[in-house]
Amino acid sequence: MTMREKIEEVAARYPDQRSAIMPALLIAQKEHGHLPGPVLQEVADILGVQRIWVYELATFYTLFHTEPVGKFHLQLCDNISCMLCGSEDLLKHLQAVLRIKKGDTTPDGLFTLSTVECLGACEMAPVMQVGDDYHGNLDVTRINALLDGLR
Ligand code: FES
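Brief notes about the overall build of the protein
Along its length, the protein carries seven helices and four strands. Of the regular secondary structure in the protein, the N- to C-terminal order runs α-α-α-α-β-α-α-β-β-β-α. Across the 151 residues of the protein, 41% fall into the buried class. Across the protein, contacts joining residues at least 24 apart in sequence account for 57% of those joining residues at least 6 apart. Accessible surface computed for the protein: about 8600 Å², of which carbon and sulfur atoms make up 51%. Averaging the locations of the 13 positively and 20 negatively charged side chains of the protein gives two centres separated by 4 Å.

Points about the layout of surface pockets
Reported here for the largest pocket is a volume of approximately 660 Å³. Looking at the largest pocket, it is lined by 25 residues, and the ones nearest its centre are Q29, L63, H65, G131 and D132. Elements supplying a minimum of two residues to the lining of the largest pocket: α2 (21-32), β1 (72-77) and β3 (128-130). If you tally residues by element for the lining of the largest pocket, the top one is α2, at four residues.

Considering helix α1 (residues 3-11)
Those residues of α1 not exposed but buried are M3, I7, V10 and A11. The arc enclosing the buried residues of α1, seen along the axis, measures out at 100°, which places them on a common side. As for α1, its buried residues are in contact with α2 and α3 (37-47).

Comments concerning the pattern of salt bridges
Pairing between side chains becomes possible if they bear opposite charge and their charged atoms approach one another. Under the definition given, this model contains two salt bridges. Between R4 and E8 there is a salt bridge whose closest N-O contact spans 3.3 Å. Placement of both R4 and E8 in helix α1 is noted, with a separation of four residues, approximately one turn of the helix. Using a relative accessible area of 40% as the deciding quantity, one classes R4 as partly exposed. A relative accessible area of 38% means that E8 is categorised as partly exposed.

Rules and cut-offs
Residues numbered from 1 in each chain as written. Predicted model: local features only at pLDDT ≥ 70, side-chain atom pairs only at ≥ 80, totals over all residues. Heavy atoms only, no water. Helix = DSSP H or I, 4+ residues; strand = E, 2+ residues; numbered from the N terminus. Buried < 20%, exposed > 50% of the residue type's maximum accessible area, 1.4 Å probe, protein only. Contact = heavy atoms within 4.5 Å. Areas by Shrake-Rupley, 256 points an atom, 1.4 Å probe, with all protein chains shown as cover. Lys, Arg positive; Asp, Glu negative; His and termini not counted. Charge placed at Lys NZ, Arg CZ, Asp CG, Glu CD. 1 Å grid on protein atoms, 1.4 Å probe; cavity = no way out; pocket = protein on both sides within 12 Å on 5 of 7 lines; lining within 4 Å. Points joined across faces, edges and corners; volume = space filled by probe spheres on them. Arc of directions from axis to C-beta. Salt bridge = Lys/Arg side-chain N within 4 Å of Asp/Glu carboxyl O.

Structure follows, in structure tokens:
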């Protein structure tokens, strides 16, 4: 099934095509890895909605990426529960071992490092999302083991 077919199938569930933008963007991002301008335009064309509506959502939510991201997107929560449990030190550690700043991708394209709002998993703070998986109760040792397992 093509991306267009998948989006059209999902969009058929919504009486207002504007409501289908988020699921359409998820489909497009899964297909392309990120959401550059031409892809946003394609999504708008398929749904028959204004491009600005698509752009607004794609640039507001951190789960969407308008720029390429690494094979593994490390999304470290920096909200209050995680911060109180040491996320600031973990961010410093990640930046040091990966030799990149927050928001950057390693030169080999393997890791992108971001901070994100609460992941809704405060009970296992500090938490980092990698792809679709959550990793909690993190410390430097666990971060190192996680990175070693991904390399
Ligand atoms: Fe980090 Fe909620 S504050 S998961």
